[in-house]
Amino acid sequence: MKVNQKLWTRDEVLVAINLYHQLSFGQLHSRNKLIIQVAEKLGRTSNSLALKLVNLASLDTSLERKGMSNYSKLDKEIWNEFYLTPEKTVFESEILISKIIPEEVEFNIDEVKNKKTETERIIISRVNQSFFRKSILASYENKCCISGLNINSLLIASHIIPWNKDELNRLNPCNGICLNSLYDKAFDKGYITINSNYEIIISQQIFNLEKTEYINNAFIRLNKTKIELPKKFLPKREFLEYHNDLIFLK
């Protein structure tokens with residue numbers, strides 16, 4: 001450790017990991033306004049926080065390119081915790097983020113604490129789903145990976161393996177894709193899937209429909225074309241294979 005170097009705390013690393021998930025790869029630099037804002041709240045320089053975020057990329061196994069292998073033992077421990085006990089750790093990081101940059105979260109911490117009629121598990125689930133959505137939209141740069149639509153209110157952070165089928169990977173951004181509302185519903189119902197080569201496959205049930213101009217444009221012409229890949233958190237092939245085998249309508 002360098003002389004006078006300020007050690008990172010567990011809470012600070014949790015904030016950094018949360019921030020890493022909600023920023024696109026091209027935003028991980030010291031000039032980013034959000035990084036400047038968070039760094040100031042942490043009592044650190046924007047350069048220090050940006051470097052921490054880039055170093056975290058070394059732990060991101062979904063990336064083909066890697067960051068500098070300068071992560072600390074604490075970084076690795078908390079990163080692993082983020083994926084081994086996601087429900088607890090993601091929630092903890094979201095609460096920390098909400099105290100630092102309340103305008104950047106999709107919930108009010110005081111309202112969360114005061115919801116007497118809801119169980120703690122429901123509250124945690126809602127907060128964590130907000131984190132999942134931010135992670136997926138950031139990875140796909142706020143665009144549907146099939147249509148390119150970039151209207152946020154019409155974008156869905158779609159689970160590849162459904163939420164109720166795999167508790168451990170509910171919050172794993174490699175189990176998500178960014179789709180517009182139409183393709184999210186079609187994917188959920190099995191009318192389309194994405195194979196392990198990241199190609200869109202259209203169900204035979206769609207091909208059996210009357211070939212209207214809309215059906216052709218919205219579905220059939222997409223068959224065997226590739227999705228726009230995310231900058232981070234590439235969908236895991238094993239998750240796509242699950243969707244192909246158990247949800248897709250052959």
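Here's what I pulled together on the structure shown here. Predicted model, so just to flag it, every value in this text is computed and none were measured. (Residues numbered from 1 in each chain as written. Predicted model: local features only at pLDDT ≥ 70, side-chain atom pairs only at ≥ 80, totals over all residues. Heavy atoms only, no water.)

## A few points about the packing of helix α1 (residues 10-22) against helix α4 (residues 73-84)
In contact at an axis separation of 10 Å, α1 and α4 are set at 60 degrees when each is read in the N-to-C sense. Considered as vectors, α1 and α4 are oriented oblique to each other. α1 and α4 meet at a crossing whose hand is right-handed. Mapping the contact onto sequence places R10, V13, L14, I17, Y20 and H21 in α1 and L74, D75, I78, W79, E81, F82 and Y83 in α4. Of the residues belonging to the contact of α1 with α4, the class tally is 9 nonpolar, 1 polar and 3 charged. (Axes fitted to C-alpha atoms, helices over the stretch in contact; angles between N-to-C directions. Helix = DSSP H or I, 4+ residues; strand = E, 2+ residues; numbered from the N terminus. Parallel < 35°, antiparallel > 145°, perpendicular 65-115°, else oblique. Left-handed = near helix turned anticlockwise from the far one by under 90°. Contact = heavy atoms within 4.5 Å. Nonpolar A, V, L, I, M, F, W, Y, C, P; charged D, E, K, R; others polar.)

## Description of the nonpolar core
In this structure, Y20, V38, L49, L53, I146, Y183 and F219 are the most contacted members of the largest nonpolar core, which totals 66 residues. Among the elements that make up this core, the one with the highest residue count is α1 (7 residues). In this structure, Y20 is in contact with L28, L53, L56, A57, D60, L63, W79, K232 and F233, ignoring residues within four places of it in sequence. (Core = buried A, V, L, I, M, F, W, Y, C linked by side-chain atoms within 4.5 Å. Buried < 20%, exposed > 50% of the residue type's maximum accessible area, 1.4 Å probe, protein only.)

## Brief notes about unusual backbone geometry
Look at N142: it is not a glycine, yet its phi comes out positive at around 60 degrees. Relative to the helices and strands, N142 is located in the loop between α7 (120-139) and β1 (155-159). The class of N142 is partly exposed, set by a relative accessible area of 30%.

## Describing the packing of aromatic side chains
Scanning all chains against the criterion turns up 6 aromatic pairs. With a centroid separation of 5.6 Å and an interplanar angle of 35 degrees, the aromatic rings of W79 and Y83 are classed as tilted. In this pair, W79 and Y83 are both assigned in helix α4, 4 residues apart and thus about one turn of the helix distant. The class for Y83 is partly exposed, based on a relative accessible area of 23%. Aromatic side chains F82 and F131 sit 5.6 Å apart centroid to centroid with 70 degrees between the ring planes, which places their arrangement in the edge-to-face category. Here the residue F82 occupies a position in helix α4, and F131 occupies one in helix α7, the gap between them amounting to 49 residues. Like F82, the residue F131 is buried in the burial classification. Here the aromatic cluster, defined as three or more aromatic residues joined through ring pairs, consists of Y20, W79, F82, Y83, F131 and F233. (Phe/Tyr/Trp six-rings, centres within 6.5 Å; stacked < 30°, edge-to-face > 60°.)

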